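Chain residues, written in single-letter form:
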Protein chains: 2
Amino acid sequence: MFFVLKNIGYLCENNSYTFFCMKKTICGAMALLMGFVGAGAETVSSPDGNVVLDFTLTQTGEPQYAITYKGKDVIKPSRLGLKLKSGGDLTDGFTIAGVDTLTVDETWKPVWGEESQIRNHYKEMAVKLKQPSTKREMDVRFRVFDDGVGFRYEFPMQKKLSYFTVTDEVTEFAMPGDLTAWWIPGDNDTQEYEYTRSRLSKISKHYDSTVNPTYVWQGKTGPNDVQTALMLKTDDGLYVNLHEAALVDYPVMHLRLNPETLTFTSLLAPDAVGDKAHMQSDCTTPWRTVIVSDDARDILASRITLNLNEPCAIEDVSWIKPCKYVGVWWEMINRMSKWSYTNDMPNIHLDRVDYTKTKPHGKHGATNENVKRYIDFAAKYGFDAVLVEGWNIGWEDWSGKEKDEVFDFITPYPDFDLPMLRDYAKEKGVKLIMHHETSSSVRNYERRMDEAYKFMKDNGYDAVKSGYVGNIIPAGSNHYSQWTNNHYLHAIKKAADYKIMVNAHEAVRPTGLCRTWPNLIGNESARGSEYHAFGGTTPGHTAILPFTRLIGGPMDYTPGLFENDISKYNPKNKSWVNTTLANQLSLYVTMSSPLQMAADVPETYEKFIDAFQFIKDVALDWDESYYLEAEPMEYVTTARKAKGEERWFVGGTNGMEPRTATVDFSFLPKGKKFKAVIYRDGKDAHYKTNPQSYVIEEKTITSKTKLKIAEAASGGFAITITPA
Amino acid sequence: MFFVLKNIGYLCENNSYTFFCMKKTICGAMALLMGFVGAGAETVSSPDGNVVLDFTLTQTGEPQYAITYKGKDVIKPSRLGLKLKSGGDLTDGFTIAGVDTLTVDETWKPVWGEESQIRNHYKEMAVKLKQPSTKREMDVRFRVFDDGVGFRYEFPMQKKLSYFTVTDEVTEFAMPGDLTAWWIPGDNDTQEYEYTRSRLSKISKHYDSTVNPTYVWQGKTGPNDVQTALMLKTDDGLYVNLHEAALVDYPVMHLRLNPETLTFTSLLAPDAVGDKAHMQSDCTTPWRTVIVSDDARDILASRITLNLNEPCAIEDVSWIKPCKYVGVWWEMINRMSKWSYTNDMPNIHLDRVDYTKTKPHGKHGATNENVKRYIDFAAKYGFDAVLVEGWNIGWEDWSGKEKDEVFDFITPYPDFDLPMLRDYAKEKGVKLIMHHETSSSVRNYERRMDEAYKFMKDNGYDAVKSGYVGNIIPAGSNHYSQWTNNHYLHAIKKAADYKIMVNAHEAVRPTGLCRTWPNLIGNESARGSEYHAFGGTTPGHTAILPFTRLIGGPMDYTPGLFENDISKYNPKNKSWVNTTLANQLSLYVTMSSPLQMAADVPETYEKFIDAFQFIKDVALDWDESYYLEAEPMEYVTTARKAKGEERWFVGGTNGMEPRTATVDFSFLPKGKKFKAVIYRDGKDAHYKTNPQSYVIEEKTITSKTKLKIAEAASGGFAITITPA
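We now turn to the structure provided with this report. This one's a predicted model, so the numbers in the text were calculated from it and none came from an experiment.

Here we come to the packing of helix α5 (residues 368-380) of chain A against helix α6 (residues 418-427) of chain A. Residues and elements named next belong to chain A. Interhelical geometry of α5 versus α6 gives an angle of 15 degrees and a closest axis separation of 10 Å. Accordingly, the angle class assigned to the pair α5 and α6 is roughly parallel. Here α5 and α6 pass one another in a crossing that is right-handed. On the side of α5, the interface is formed by N368, V371, K372, I375 and D376, while α6 contributes M420, L421, Y424 and A425. For the contact of α5 with α6, the per-class residue count stands at six nonpolar, one polar and two charged.

Shown next as structure tokens:
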């Protein structure tokens, strides 16, 4: 069915690094059928033939699809379509008006990421559907990769389907059995949950006992609902991941399980009146993704999510740079210091507050002295930047007040001398990272955004951590609706205009948009390390995140917590960091991000300066990544080659059960010797009883070396490899 | 009870015109009682003693008020207070912690308006309430004028009432009988209704048959609900008007009648989840106003609404100038021409549309040639400006599509050569008026507002007509909610930053904010003259608007329709302008506005050039106004002296019943002769059968002259007076 049409040159995305371009092979199809085809079936297979996508139009004209992997069911026959507010649903009564097929094999270069070149190799089938009774057209475009499938709905410009409101997407994912799932509950405002591992049939049973976020907002959606990226495993060893790619101008897709049929149906985040998406043809939905393999490591290696996003939209990307940073932050999270300045006032009116007339409470974190201490520390250990939270006025009443004008993003507290600190940091060769907490007052942020970004550039800031704590304003909107998703992208695009990098917390979880907008260098959108100071997070969390949250893009997880006993910082806080110190080091490799924080406080790092060396050394950007061992929520062992360098790093992150990792160094160049510095759990290490027990040892290795490394409960290891 | 405390100088608001300042007399009170007073009663009377306000705290600590005028009940005992989402209601359980009183007698100068000096004379009583069970404080501040009462709730900054959500305001207006009311139905999105005259007890009966706006949006609120300003009349001849002043950061107040008790209760426009207002102390509600007199003319003469607003917030007001204009508009309303450019495309994507590749439909109104024709006309007859609608791309699918990015406000259609027309208009001494239809996509407008305003200034525009047709985006929000009201004010404030005057259509109805923001030179917010092309408006409409809609501020009513038969413009449109031509002239005086349009098309005016003379001559801004005759919905006769000129204008607007107006010219300086040019209905004039029958005659008059002038059904007259 597939024939090569032509080879064309391909303009690389990352034209700032190199002009090296890969060939793009576009294959064309003979299958374009003119006119109606009617009910029928179409099939497309992955380039290697392992993944087979079957499209069927039933006798009632209902579109369905099914996916197999090496002959095993992955998605059983499942409905496709959308319900509309008016004009009739796009769920049945279709005929096939044509089928376009195509094969693409191209390689592109991300600005940053787990690999410096990414192969995008798939066979595509676009099924052109027509609903004769309404004269409306809808295409379903499938892209079948060796490691899974992406598909989306497309609506060509047409008179009979010009504007339409989606009330529900009926896309189904019919499970081939009662799979094991690693899931967090459906919620339109937060993903800051711990993951639960259960059979599909047991999701609703566990629902009430899922560990809730510290900040509970508008709440969960329902007892059979889960969020994506959803990790699944069949009893015969197939790993399946469901998510979406290129979420643009559309609400987030959660999944609602029918526990009788074990079928998931799309559950879109609603607007304030319960509608889901307002669409204008020509347009598309995001891609719905099914990543599948019989090897868990392939889930981590999959590039489907990035490949389904549009190429880089930023011409000059020279200003987008990976960044390792420290910050005036952990001391606030653990309540040693505060974001706020005073306790004098019941509330703050931004337009008339005068802080110089208030009595400081004395616990303000972002003081000149303290920030200088962090700048000094960053400079001493070669960090790129210092994040400072609580620098700007308004923190006295920022959260939970449904306050509209909560921050102005440009006015520092009286004890934060911005010009002085700006100049001090510059002198020390360190960048300051801006902080824009919006308190979810979206309009307030948009109104002030130009001024805030301009203020950043005027003062030498080139990256911002933004935050969306609390209920979205206006009331009735939520974090994951179409309207709010459009805001996040607006903020990223406008930041790009100002050459500003964005690290958005509490925003919608990523769906690979960093390919198109590589200034989106980070997101939170999951339960970050801060929860270790909010009562602790169960071991295994960072061994499931690479299978779930990280499928869409990097996370500003903020690892590097060396002090487990939070009461040492704040006697009132009895929280415990539920990992070993070596586990914390491993995260810099297993959870790849161009933005990595050393989250703990300087005085703690000074106590463990030998272990801290790994954080100093570890790279942020990679030529290649090697997924050595992986099982969801149990362990992840990853090796990566630093971009443009002869340095490699390995991380082993372990879950609850102690185990022995086997590190196969065959990814190294053959015939050479290398020095490996290994940071691993001590023999007696345990995340509860002895988390700071670690061993640092040097070994000479080659590509033939295989090392067995013991990992404690919630432990791990990290390795720095350089030519011997 | 009242003692003069001090006289202080008062900085006049309009410092661009003169430095003439009036004295402000502030009177203080002895009644400040420390500590709890408990249940009790307080009374305050107007300076002339006619209006008496009684405040009572019942045995259960429920605050109430009542108003009498010359001993007659105006508002019978009525509850005060607010229901809150949490923390308990602010409706009872109060004690009186103190009472502050004050007398103010000051005169201030508006930038423009019906008078060049406005006296603000009232006695004030602030009742300080405390709710011992919750330790919360709420003040009710009453201002009692000779012509009515304003009162509002005030919330001092306090720990126990720092942030709160109002779920309902329980403010009552208990009617002293089954009054006659002139009302439009409650609706949170539009006021574009015809008024109904009925007894209170019959409101719900008429509710379903109220004439709806052409653009029905989210719909009415309920069968016993009416909007303010609400005009009322008792059987013994008291005229009562209920409205609000200084609507800032709060939802619109409608009124819900209990037909059993004939009591109105406040009905606030909700947000998307049904909450009403998010408040942060210290703060206040808007003023609730009760204007009362036994002479209907006093309702028109009342300055309570302006007086209860804050002084001018704009320092330099020299750029705010009254404006008489024509526009490429009526030809679109009656469908001779169109806002849009092409029929080629099912919809428009602003970011990728290329109009130069589409086929024009040939009906576009804002073409170079047509706009030049209007500019020529404006220049020839001395108009200040030309409004051009449909000049910018996006009109093909602007309405009813819930479209987010509907306009960019800066890109002209290919046949509108903005630089050429800008220069052409400048050369002719005419301004162009910008048009920003937002399609109620509030966020889109805010995002583009800076660029749009800057674009205006760069191209010499200094005024904008904005529009809010359709449902507010995001869904669930409405036109009159707190969130959207904040938007309108944001647009006005930001316009002031750019020295831009705003004429906002379909926005919230005005509440005197033009005192504070005199760049708000106009609003629609009622059924404008355009409805004469949408099937017609019943006679009497413009004789009720001065008692209702205009209480809050001027209206861009767009009078001057000389051609009654709309089918002459567009054979398909059988609408009829239900007034005589003389009635149209009268509106320029009876409906005062610093912004007045000559709404009809140039070719029509050329046919009636003698009558058109009045529109050319009439002033826009006034030293004094004299309300000669008035009865709601029946007739209004008003005289005004042009600001800084020895010219007077009289308008007589009649309703359905033919009558003879008596014009008493005693407002003219004594002992002088004046030339009066009278434009009146012809003997056989009738709005349906002979609307263009008019007589123009000159008379010599003095201050002793009294003229009887016949007014036809929906007729009227206009007079220009100059020294003889």
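Another aspect to go through is the relation of the copies chain B and chain A. One chain copy maps onto the other through a rotation about an axis and a shift parallel to that axis. Overlaying chain B with chain A gives an RMSD of 0.0 Å, the required rotation being 180 degrees about an axis along which the chain moves by 0.0 Å. Accordingly, the operation relating the two chain copies is best matched by a two-fold axis. Looking at the rotation axis and the C-alpha trace of chain B, the residue lying nearest is A272 of chain B, at 3.0 Å. Here 100% of the contact residues of chain B are again contact residues in chain A; the copies associate through an equivalent surface.

This part covers the sheet that holds strand β24 (residues 323-328) of chain A. Residue and element names in this part refer to chain A. Spatial ordering of the open sheet is given by β29-β28-β27-β26-β25-β24-β30, a layout of seven strands whose pairing is parallel. What marks the edges here is a single partner per strand, and that holds for β29 (520-523) and β30 (595-597). Across the sheet, the axes of successive neighbouring strands diverge by a mean angle of 25 degrees, strand direction being ignored. Bridge count between strand β28 (residues 501-505) and β29: three bridges; the pairing is parallel. Paired with A504 across the bridge in β29 is N523. Lying on the sheet, helix α7 (residues 442-458) is in contact with β26 (431-437) and β27 (463-467); it crosses β26 at an angle near 170 degrees.

Turning our eyes to something else, we now look at the packing of aromatic side chains. Pairs of aromatic rings are described using the distance from one ring centre to the other and the angle between the two planes. Residue and element names in this part refer to chain A. This model, assessed by the stated rule, comprises 78 aromatic pairs over all chains. An angle of 10 degrees between the planes, with centres 6.0 Å apart, marks the rings of W391 and F455 as stacked. Taken together, the residues W391 in the loop between β25 (385-388) and α6 and F455 in helix α7 connect sequence positions 64 residues apart. By the burial criterion, W391 is buried, and F455 matches it. Taken together, a centroid distance of 4.9 Å and an interplanar angle of 55 degrees make the contact between W395 and W398 tilted.

Cut-offs applied
- Residues numbered from 1 in each chain as written.
- Chains lettered and ligands numbered in written order.
- Predicted model: local features only at pLDDT ≥ 70, side-chain atom pairs only at ≥ 80, totals over all residues.
- Heavy atoms only, no water.
- Axes fitted to C-alpha atoms, helices over the stretch in contact; angles between N-to-C directions.
- Helix = DSSP H or I, 4+ residues; strand = E, 2+ residues; numbered from the N terminus.
- Parallel < 35°, antiparallel > 145°, perpendicular 65-115°, else oblique.
- Left-handed = near helix turned anticlockwise from the far one by under 90°.
- Contact = heavy atoms within 4.5 Å.
- Nonpolar A, V, L, I, M, F, W, Y, C, P; charged D, E, K, R; others polar.
- Least-squares fit on C-alpha atoms with pLDDT ≥ 70 in both.
- Pairing = 2+ DSSP bridges.
- Phe/Tyr/Trp six-rings, centres within 6.5 Å; stacked < 30°, edge-to-face > 60°.
- Buried < 20%, exposed > 50% of the residue type's maximum accessible area, 1.4 Å probe, protein only.

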